[in-house]
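Now for the letters of each chain:
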Amino acid sequence: MLAVTNIHKAFGTNEVLRGVDIMVEKGDVVVLLGASGSGKTTLLRCINFLELADQGHIRVGGIDIAFRDARKKDIHAIRRKISFVFQNYNLFNNKTALENVTEGLIIGRGMPKSQAVRIGKACLDKVGLANKFDSYPGQLSGGQQQRVGIARAVAVNPEVILFDEPTSALDPELIGEVLDVMKRLATEGTTMLIVTHEMSFARDVATKVVFMDEGNVVESGRPKEIFVKPKERRTRQFLQRFLGDSDYAI
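Residues numbered from 1 in each chain as written. Predicted model: local features only at pLDDT ≥ 70, side-chain atom pairs only at ≥ 80, totals over all residues. Heavy atoms only, no water.

Chemist: Got a minute to help me understand the pairing of strand β7 (residues 160-164) in this structure?
Modeler: Each regular strand displays side chains that alternate between the two surfaces of the sheet. Along β7, five of the five residues are buried, which leaves the element largely enclosed by surrounding structure. Side chains V160, L162 and D164 of β7 all project onto a buried face; the interleaved residues I161 and F163 project onto the opposite face, where all are buried too. Sheet topology places strand β6 (residues 82-85) next to β7; four bridges connect them, and they run parallel. The residue of β7 that forms the bridge with V85 is F163. Between β7 and its parallel partner strand β8 (residues 192-195), the chain crosses via helix α6 (residues 172-187), and the hand of that crossover is right-handed. (Buried < 20%, exposed > 50% of the residue type's maximum accessible area, 1.4 Å probe, protein only. Helix = DSSP H or I, 4+ residues; strand = E, 2+ residues; numbered from the N terminus. Pairing = 2+ DSSP bridges. Right-handed = clockwise from strand over helix to strand, strands pointing away.)

Chemist: Mind showing me how you'd approach the pairing of strand β10 (residues 216-221) here?
Modeler: Of the strand pairs in this sheet, strand β9 (residues 208-213) and β10 are connected by five bridges, and their pairing is antiparallel. Bridging from a neighbouring strand, M212 pairs with V217 of β10. Linkage of β9 to β10, two consecutive antiparallel strands, is achieved through a turn of two residues, within which E214 is found at a positive phi near 50°.

Chemist: How should the packing of helix α5 (residues 142-155) against α6 be read in this particular structure?
Modeler: Two quantities define a packed helix pair, namely the angle between the helix axes and the distance between the axes. The geometry of α5 relative to α6 is characterised by a closest axis approach of 8 Å and an angle of 20° between their N-to-C directions. The pairing of α5 with α6 is recorded here as roughly parallel in orientation. Crossing of α5 over α6 shows right-handed handedness. In contact with G142, G143, Q144, Q146, R147, I150 and V154 of α5, α6 contributes L174, E177, V178, V181, M182 and L185. A per-class count over the contact of α5 with α6 returns seven nonpolar, four polar and two charged. (Axes fitted to C-alpha atoms, helices over the stretch in contact; angles between N-to-C directions. Parallel < 35°, antiparallel > 145°, perpendicular 65-115°, else oblique. Left-handed = near helix turned anticlockwise from the far one by under 90°. Contact = heavy atoms within 4.5 Å. Nonpolar A, V, L, I, M, F, W, Y, C, P; charged D, E, K, R; others polar.)

From the geometry alone we can't say anything about function, so treat these as descriptive.
What follows is the structure, given as structure tokens:
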């Protein structure tokens, strides 16, 4: 479904990714954990060509190419197979919730408006916003705006959805409504690669957990393996900091 191998990315002298490998199979929910600055967001941005990786290889949906060899048509083809849900929603403030969802279908995919509207309404209904089709972002809560962002990502029927800390900009009481939508997508078999600090969500929903530190994958495995018996000292330190669990002996 999605495979990234030996990906490197530096900003000047700051090497952010140092040969990362990631594999996401169809139906997987892969959660990336790690402290701020560990390279998680940069990895997602490189996968979707929002940043250009210095080295590495990507395979997704029949496309198999080195990052440095990708041309505009290759990048466009990859982006048609991958959706991105941002931290800060990235909605058009002058467009309604429905228009934000249909814009990419009509402009980006050349879909007839009537078909795009039908899909857009179904996707907004899926995320619990059937009564907000005509609302503008300024009339929605942060949680509702992020759910519009998720509906937009789902609407293009991608092979995988990338989530970059989708709850980090939300007030605590709004986090649950977004996580509930993501859990529902997981039960429906949606393939997802998620950067998050929501440990309970990762433990309950992920099929695979990847822990990153200083631009490297330190450890990966099933949630029970990572959360119950992490092998690496750095993983245990991170989990103890977030979970405060005395079982993580350092």
